[in-house]
Amino acid sequence: MPRSRDGNNYNTWINSLRSDYSNRLDRRTRREAEAETPTVGAKVERVHWYIKDNAKNHNTIKFDLVHDTSEPRPILRRGLTFYLAVRFERDIDVTKDRIILNFKFGPKPSVQKGTMAVVIVENTKFTRTKDEWDCRIDPGTRGKDLVLQVYTPATATVGIWHLDVRTGNQQTGVMNPVPFIDETDCYILFNPWCKDDAVYLDDEAKRNEYILNDKGKVFVGAYPRTRGRPWAFGQFDDVVLPVAMYILQTSRVADPERGNPVKVVRGISAGVNSSDEDGILDGRWDGEYSDGVAPYKWTGSVRILEEYVKNGYQPVKYGQCWVFSALVTTVCRALGIPCRSVTNFVSAHDTNSSLTIDKFFDNDGNEMEGGPDGENWDSIWNFHVWNDVWMARNDLPPGYGGWQAIDSTPQEESDHKMQCGPVSLVAVRRGDIGLNYDAPFVFAEVNADVMHWGEDPESHWGWSRMKMNKYHVGRAILTKNVARDDDVGDADQEDVVGEYKNAEGTAAERLSIHNAVRGSRRAQQYYEYKKDIKEDVAFDLIEIDKIHVGQPFQVKVVVTNNASEPRKVSAYLTARSIYYTGINVSLIKKAEGRFVLQPKQSQDVALTVQYSEYWKKMVEQCMMKIYAICRVEETGQTWTDEDDFQVDKPKLNIEVKGELRVKQQGEAKLSFKNPLDIPLTECHLSVDGAGLMRPRALNLDSEVPPKGHFSHTIKFLPRIHGERKIIATFNAKELFDVNGSKTVTVVKNQ
């Protein structure tokens, strides 16, 4: 388990991980042999890593492992130099004493594979190329202390390294048979500040956001009524880096490939979900979470990672796409890979590689889940959250570097694993679906055309296309804005849809679609299909703007006869509760009717739904789907449309009392008004705040009265000064996912 604040259980856990990298028994045996072997040259007493000094220079000073009071660990970034001192039992003379540093990675270190570096200590200047490990003797060397400046190349393997020091006689070349073995775990990370690193990001503000910011938002909801869900990424917590190393091992990223960000992020996308090799998180979307934690109760990544370790590295229950994405953000930022969570609103899940989302309706206007043969499980999610990671793509033709999409939510297999990406956003925008990795799937998520099919006995396969919507999918792709932070609203959102696709309706956008279709034989049959039907009746589904809990709503279609003759119209309207993945849960209400429209006449078709009719049928996210299907008897014209919307819930207010100071008790009051006319029972609070408190899960005894006020005060002891954030979520049996955040400033004690 990770080191707790009142103990040091972290060592127990990290030792179990290190057993995969080295054999402690062998090390102890060699130490004993060293004591019995006559010494040749100087004998090493210990190694000093200048942990905090190096961390300041390497932008790693925020990591908790650097400040561990019992056993701090060096955390370095590749492509930079770091200081190291070796103390000997006697004064050192490099003209007489031969000294070699062996840096080793993994269970089978190899110079040829880049998992071992042999560095000879002999010069006061660096003499090797920038692609090689090197060192120089620092002028601060005195007596028994040999002070060195060591350089790690920008291609070094990322992970835990160990150091052996070999000594001998410079004149004779004879070396001690047993080296000094330093037990320190040295973490080497990617370096987005280094121009030679594949993850280099030439923008300080973006590095601060995508590497150093340990809090943020993940956007959810139904387009266009989106909302930012606050999240504590907590990438500097002491549990994160060890778990990151662990999942790279379990996802079978080979040691020599762990310096390649393409391979590393692909491994992360597989290792975060539990579908392969017991990854971190189990996914569940059916609303049954009694044997775990409901996804909407999480407020940050650290609590999940701690549960993972406490459970003996068995998957934590449960998560959904935004939780998977937030964990990926935590792991990538910890490793030094620029990363952002992105949310695609109206996201397609194409299961048959047709680049279309096909929905089938019977003659009564009911959607047929699974299609006519029960094999079509295409779906449209109200939103889907994945990640963008920044890197060069040396494995692709020039021009495809920059942001790459990866997705850890288990959906479709890739190379026999539940993993997705990285796929270049440039490739997605151009429709170049033949490039690695998983470009067709991601392309369809943001570009697929939606096909509505109706029963047709005259069709050769029993169905005819009623509608093709070219502009329904990928309506917005939101991430947190680099320059903004908004606790009250969502002024800190940024729409990056232009990085994924060309503007809807432009020639460039349709060209990318056709480019992708040419690369997918299955897709061509859908796009080649044409049918000439006279369409002289206009239909308009009025979108629902915003509904607050407790309010009724109305579904309305305006029908206009533009013909010079009367038209008989049949209309079907349905309202259903749905999961955010588009899966139907309950039919709330349905209406149908037939009427005659005179030439140029308009008529409204409406369905009114009361609060009492819908509230008990709501599930998490409180989303509803409206379907409208109309047919014109005289011409055979068929029209369909749909609208998704979310019932708004109150916001959790957070107030902080007085000035906050490091290591002095602070208080925060959490409150909101119950919008329902029933009491809230089985109340629960999840609270997080990196640098302020450990993640908390609180079961509350009291109920919240109907239309009454909820209030709860928490106390905490800030550890880190500067700008911090409290993130909290309230859940009850009758009302869930009421969340809020509050940015606070912690003052450093004099």
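What you see is a predicted model, and the numbers here were worked out from it, not measured in a lab.

The tendency in soluble globular proteins is for nonpolar side chains to be buried side by side. Core analysis: the biggest nonpolar cluster contains 168 residues, and Phe-103, Trp-322, Leu-335, Phe-553 and Tyr-614 have the highest contact counts within it. Top element by residues in this core is helix α8 (residues 321-335). It accounts for eleven residues. For Phe-103, the contacting residues outside a window of four places in its chain are Trp-49, Phe-82, Leu-84, Thr-115, Met-116, Ala-117, Val-119, Trp-133, Val-150, Trp-161, His-162 and Leu-163. The next biggest cluster of nonpolar side chains, apart from the first, holds 20 residues, and it includes Tyr-210, Cys-420, Val-423 and Phe-441.

Take the UniProt feature "active site" (unreviewed entry) in the chain next. Within this structure's numbering, the places UniProt gives as "active site" (unreviewed entry) are Cys-321, His-384 and Asp-407. For this annotated set, covering 87 residues, all C-alpha atoms fall within 9.8 Å of each other, a compact arrangement in space. With respect to the element layout, Cys-321 can be found in helix α8. In contact with Cys-321, not counting residues within four places along its chain, are Trp-285, Trp-381, Phe-383, His-384, Val-385, Thr-409 and Tyr-580. Relative to the helices and strands, Asp-407 is located in the loop between β17 (402-406) and β18 (423-424). Polar side-chain contacts of Asp-407 include one of 2.7 Å to the side chain of His-384.

Below, the discussion takes up the environment of Asp-197. Within the secondary structure, Asp-197 is located in the loop between β9 (180-189) and α4 (204-212). Distance in space between the C-alpha atoms of Asp-197 and Gly-79 is 7.0 Å, their sequence separation being 118 residues. The contacts of Asp-197, once residues within four sequence positions are left out, are Arg-78, Ala-154, Phe-190 and Asn-191.

Turning to the sheet that holds strand β37 (residues 722-731), a few remarks are in order. Ordered in space as β32-β38-β37-β34-β35, the five strands form an open sheet in which the pairing is mixed. The open sheet terminates on both sides in strands that have one partner only, identified here as β32 (660-661) and β35 (693-699). Of the pairings in the sheet, the one linking strand β34 (residues 684-689) to β35 comprises five bridges and is antiparallel in character. Across the sheet, Val-687 pairs through a bridge with Arg-696, a residue of β35. In the packing of helix α7 (residues 301-310) onto the sheet, the strands contacted are β34 and β35, and the crossing angle to β35 comes to about 80°.

At their nearest, the axes of helix α6 (residues 261-271) and α8 sit 10 Å apart, and the two run at 150° to each other. The orientation of α6 with respect to α8, classified from their angle, is roughly antiparallel. Between α6 and α8 lies a crossing of right-handed hand. Only Val-328, Val-331, Cys-332 and Leu-335 of α8 make contact with α6, whose side of the interface consists of Val-264, Val-265 and Ile-268. Partitioning the contact of α6 with α8 into residue classes produces seven nonpolar, no polar and no charged.

Counting buried residues along helix α10 (residues 439-447), eight of its nine residues qualify, which places the element largely inside the surrounding structure. All buried positions along α10 are accounted for by Ala-439, Phe-441, Val-442, Phe-443, Ala-444, Glu-445, Val-446 and Asn-447.

Here the focus is the pattern of salt bridges. Enumeration according to the criterion identifies 40 salt bridges in this entry. The partner of Glu-499 in a salt bridge is Arg-340, and the shortest N-O contact between them spans 3.2 Å. Taken together, the residues span a long stretch of sequence, with Glu-499 in helix α11 (residues 497-500) and Arg-340 in strand β14 (residues 339-349) at a distance of 159 residues. Judged by its relative accessible area of 2%, Arg-340 is buried. Residues joined by salt bridges that share partners form a network here, namely Asp-68, Glu-71 and Arg-73.

Let us look at the packing of aromatic side chains. In total, this model carries 30 aromatic pairs according to the counting rule given. Taken together, the ring pairs in this structure connect Trp-285, Trp-322, Phe-324, Phe-345, Trp-381, Phe-383 and Tyr-580 into an aromatic cluster. The lysine or arginine in question, Arg-340, covers the ring of Trp-403, its NZ or CZ lying 4.0 Å from the ring centre. A cation sits over an aromatic face here: Arg-430 above Tyr-400, 5.2 Å from the ring centre.

A word on the pairing of strand β3 (residues 81-88). Bridge analysis of strand β1 (residues 44-48) against β3 gives four bridges, and the strand direction is antiparallel. Considered in β3, the bridge of Val-47 is made with Val-86. Sheet topology places β3 next to strand β7 (residues 145-151); seven bridges connect them, and they run antiparallel. Bridge pairing links Phe-82 to Val-150 in β7.

Thresholds, definitions, all that
- Residues numbered from 1 in each chain as written.
- Predicted model: local features only at pLDDT ≥ 70, side-chain atom pairs only at ≥ 80, totals over all residues.
- Heavy atoms only, no water.
- Core = buried A, V, L, I, M, F, W, Y, C linked by side-chain atoms within 4.5 Å.
- Buried < 20%, exposed > 50% of the residue type's maximum accessible area, 1.4 Å probe, protein only.
- Helix = DSSP H or I, 4+ residues; strand = E, 2+ residues; numbered from the N terminus.
- Contact = heavy atoms within 4.5 Å.
- UniProt positions renumbered as here; feature names shortened; annotations may be inferred.
- Polar contact = N/O pair within 3.5 Å; in protein donor to acceptor, adjacent residues only side chain to side chain.
- Pairing = 2+ DSSP bridges.
- Axes fitted to C-alpha atoms, helices over the stretch in contact; angles between N-to-C directions.
- Parallel < 35°, antiparallel > 145°, perpendicular 65-115°, else oblique.
- Left-handed = near helix turned anticlockwise from the far one by under 90°.
- Nonpolar A, V, L, I, M, F, W, Y, C, P; charged D, E, K, R; others polar.
- Salt bridge = Lys/Arg side-chain N within 4 Å of Asp/Glu carboxyl O.
- Phe/Tyr/Trp six-rings, centres within 6.5 Å; stacked < 30°, edge-to-face > 60°.
- Lys NZ or Arg CZ within 6 Å of the ring centre and 35° of its normal.

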